[in-house]
Structures are given as C-alpha cells and as structure tokens.
Amino acid sequence: MTTPASRPVPPVAASPLNLRGAVDLSALKQRPAPTSPAPAGPGPAPTGPAGAAAAPAPAAGAAGRPLRVDVTEGNFQELVELSAQVPVVIALWASYSPGSGQLVEVLEGIVESYDGRLVLGAADIDVFPELAQAFQVQAVPTAVAVVKGQPVPLFQGSAEEQQVRSLFDELLKVAAANGVTGQIGAGGPGSGEPEAPPLPPLHQAAFDAIEAGDYEAAAAAYRQALNEMPADAEAKAGLAQVELMARLQAFTGPEADDLRRLAADQPDNLEAQLGVADLDIAGGHIEDGLGRIVTFIGRNFGPERETARVRLLELFDVVGTGDPRVAKARQGLARVLF
C-alpha cells in the first residue's frame with residue numbers, strides 16, 4: 001500500500017476532498033484590499049457589529065508570527081498563499097451566535113498545541129459575508145480549511161475537542177500528501193519539517209492533472225495505477241475522489257437546488273438521489289449523503305440497487321474507510337441488504 005502522500009486533497013476525510021469547481025475562491029483572492037482597518041494586532045480587542053465582542057485576539061508562534069488572525073478582505077489573499085506552506089483553518093462565526101465565539105476560543109487553543117503546523121483564521125460573516133457565500137456556509141459556527149488554495153470542509157456546529165483533533169490530524173495528512181509540510185516557528189515556515197517523499201509517477205501525473213483541472217486525465221492516471229497494482233488503495237481512493245470532483249462540475253447553484261427538489265419529489269429517482277448524495281458529501285454532510293444512498297438501496301431492487309451500492313462503496317473511499325461515519329453507513333447497508 002502506498003502512503004497517504006499519494007492522495008489528492010479531499011472534501012471530507014476528516015471532512016476531506018478537493019472542491020475545485022464546487023467552491024471558487026478566485027474571486028475573493030482577486031478582491032482589492034479595502035481601506036478599512038487591517039487584522040487585529042496588539043491592543044484592545046475590536047468589536048463586531050452593533051458593539052458585539054469580536055473573536056479573541058491572535059495568539060503567536062515561537063517567532064512571534066500569529067497562529068490566529070482575524071480574516072478580512074485585506075488579508076484573505078495572504079492566508080490563501082500561506083496555505084501553500086501550512087494548512088489554514090478558518091472558523092466562520094457571527095456575533096448573534098454565542099456558541100460560535102466559544103468555538104473560536106476552543107479552536108485557538110487546539111491550533112496552538114500543534115506548534116505552528118496549523119494557522120487559525122477567525123472570520124466574522126457579518127463583516128465578511130462574501131467569504132460565507134464562497135464557502136457555501138449554511139449556519140455558524142462552521143469550520144473549513146484551506147490547503148494549497150483549495151477548500152476542505154471540516155464541520156458545522158459544535159464539536160468535541162477529541163473530534164477536532166482527529167480532524168486536524170487527518171487534515172495534516174492531507175496537507176502532507178500535497179506537499180504542504182511547513183511550520184510557523186523559530187525558523188519560519190517550513191523549518192524543521194522533512195520534505196514529503198516523491199509520489200509514484202502515475203500518482204504524480206494524477207496530481208498534476210488535478211492542479212490543471214483535468215479530472216479526466218487524473219482519473220486515467222489512477223486507473224492505470226490500479227491496472228499495474230490492483231491493491232493500490234491510495235489510487236483507488238484517488239480515483240473515487242477525482243470522479244466525484246468531475247461530477248460536481250456539472251452543478252451550479254440553481255442546478256443544485258433543482259436537483260434537491262427533484263430528489264425530494266422522486267425518492268426512487270436514482271440519478272437524483274446519487275447527485276444529491278454527491279452534493280452532501282462535498283458540502284461536508286457525510287451522514288446525510290451516505291444515508292441517502294443506503295435508504296435508496298433499501299427501497300429498490302435490480303440494476304438500480306447495484307448501481308447505488310457501487311456508488312456508495314466509492315464514496316466510502318472518498319470519505320475514508322476508517323471514518324466512523326463510514327462504519328455506521330456500512331452497518332446500515334448490511335441491514336438493508338441482508
């Protein structure tokens with residue numbers, strides 16, 4: 001089996017998958033810096049809308065570099081660029097949600113314990129609503145990550161510290177798989193971290209194709225890797241992920257809404273149910289996406305049932321076969337099949 005270094009950035013393994021085409025950060029990255037104040041620095045904590053207390057002031061790494069910053073239009077581009085060196089976790093919060101401020105404080109403490117291998121950005125969606133729109137945030141608090149400029153959904157709502165640490169551990173594996181192994185510390189980003197080992201040639205070809213947005217070529221490279229080594233679990237997972245990315249390209253916002261309505265009206269429509277499951281997985285709603293297909297399998301028989309079962313197994317690879325949500329879905333699948 002190859003190492004995790006052969007897998008593309010996921011939407012969800014933690015939540016993990018490359019969402020190029022599903023979430024577009026380019027417009028935000030190209031926005032001109034506003035003349036409004038820059039991110040918070042030393043001094044009194046700023047206030048949010050209507051005088052509400054803002055998120056806590058930034059913590060600092062060993063060399064004084066902030067491990068936690070307030071995300072603004074002015075510094076978002078810098079954070080995206082920084083994500084090529086260390087993963088940037090973005091906590092989207094709002095003053096009307098007391099729990100979201102508490103989550104930022106929890107995440108700040110956890111991020112600090114990773115010794116500069118992660119950076120936390122706190123984004124007030126009342127101040128920077130475009131960011132919430134770009135990440136397709138449905139509620140706060142929501143946590144997402146950016147790795148090499150690509151968004152990786154993490155979770156929505158509150159989360160236990162151990163769950164968050166498990167997600168962050170997986171996020172660091174995903175980052176390392178994409179050559180992001182830096183560290184904010186005494187020697188600066190990248191110090192003290194060994195270079196990631198080179199990928200097998202076909203896996204590297206797949207990554208290069210993903211970077212170019214050519215998912216068909218990426219899938220072809222992974223298929224060739226599987227032909228040469230059928231037990232290559234990383235190539236199998238990578239193939240499932242790029243196939244999901246390719247399917248997601250067909251959905252714009254209005255088309256996705258229409259598909260959800262169709263799936264609600266026609267629970268036995270295979271294509272509609274599979275399409276909405278893809279949207280759920282990409283959006284970080286793992287249990288909803290997997291459960292939707294399990295329910296379809298329980299209601300239907302014949303070729304459509306087998307098609308749904310195969311897709312479900314592919315999505316297991318996308319999420320990660322060790323994920324507890326996958327284990328739960330496997331149990332549900334066993335119940336409806338046997």
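Here we summarise the structure given alongside this text. (Residues numbered from 1 in each chain as written. Predicted model: local features only at pLDDT ≥ 70, side-chain atom pairs only at ≥ 80, totals over all residues. Heavy atoms only, no water.)

1. Here we look at the nonpolar core
Basically, it comes down to this: For this analysis, a nonpolar core means a set of buried residues of the types Ala, Val, Leu, Ile, Met, Phe, Trp, Tyr and Cys, connected via side-chain atoms within 4.5 Å. Exposure is judged per residue with a 1.4 Å probe applied to protein chains only, and the accessible area is read against the type maximum: over 50% gives exposed, under 20% gives buried, and values in between give partly exposed. Secondary structure follows DSSP: runs of H or I at least 4 residues long count as helices, runs of E at least 2 residues long count as strands, and numbering of each begins at the N terminus. Throughout, a contact is declared for two residues whenever any of their heavy atoms are within 4.5 Å.
Membership of the largest hydrophobic core comes to 29 residues, with the highest contact counts inside it found for I281, L290, I293 and L312. Listing elements by their share of this core, those giving two or more residues are α8 (233-248), α9 (253-265), α10 (270-282), α11 (286-299), α12 (303-319) and α13 (324-337). Per-element tally for this core: the top contributor is α10, with eight residues. Setting aside anything within four residues of it in sequence, one finds L312 in contact with L290, I293, V294, I297 and L333. If you look at the next biggest cluster of nonpolar residues, it comprises 25 residues, including V104, L118, A145 and L154.

2. Regarding the packing of aromatic side chains
Convention followed: Whether two aromatic rings pair depends on their centres lying within 6.5 Å, for rings of Phe, Tyr and Trp, where Trp uses its six-membered ring; planes under 30 degrees apart make the pair stacked, over 60 edge-to-face, and the rest tilted.
In total, this model carries two aromatic pairs according to the counting rule given. Ring geometry for F76 against F128: centres 6.1 Å apart, planes inclined by 85 degrees, an arrangement best described as edge-to-face. Here F128 lies in the loop between β3 (119-124) and α4 (129-134) and F76 lies in helix α2 (residues 76-82), a separation of 52 residues in the sequence. Here F128 falls in the buried class, since its relative accessible area comes to 2%.

3. Here's the deal with the pattern of salt bridges
Inclusion rule: Salt-bridge detection follows one rule: a side-chain nitrogen of Lys or Arg within 4 Å of a carboxyl oxygen of Asp or Glu.
Applying the stated criterion across every chain yields a total of 14 salt bridges. Here R68 and D70 are joined by a salt bridge, their closest N and O atoms 2.6 Å apart. Both residues of the pair, R68 and D70, count as buried. One salt bridge connects R325 with D323, and the closest N-O pair in it is separated by 2.8 Å.

4. A look at the sheet that holds strand β5 (residues 150-156)
Just so we agree on the cut-off: Here, any two strands with at least 2 DSSP bridges between them count as paired. A fitted line through C-alpha atoms serves as each axis, taken over the contacting stretch for helices, and the angle formed by two N-to-C directions is quoted from 0 to 180°.
Strand order in the open sheet made by the five strands is β1-β3-β2-β4-β5, with mixed pairing throughout. A strand with exactly one partner marks an edge of an open sheet, and here the two such strands are β1 (68-70) and β5. Strand-to-strand twist across the sheet, computed as the mean angle between neighbouring axes with direction ignored, equals 25 degrees. With five bridges connecting them, strand β2 (residues 88-93) and strand β4 (residues 142-147) associate as antiparallel partners. Bridging from a neighbouring strand, L92 pairs with T142 of β4. In this fold helix α5 (residues 161-177) packs onto β2, β4 and β5, with an angle of close to 165 degrees to the strand it touches most, β5.

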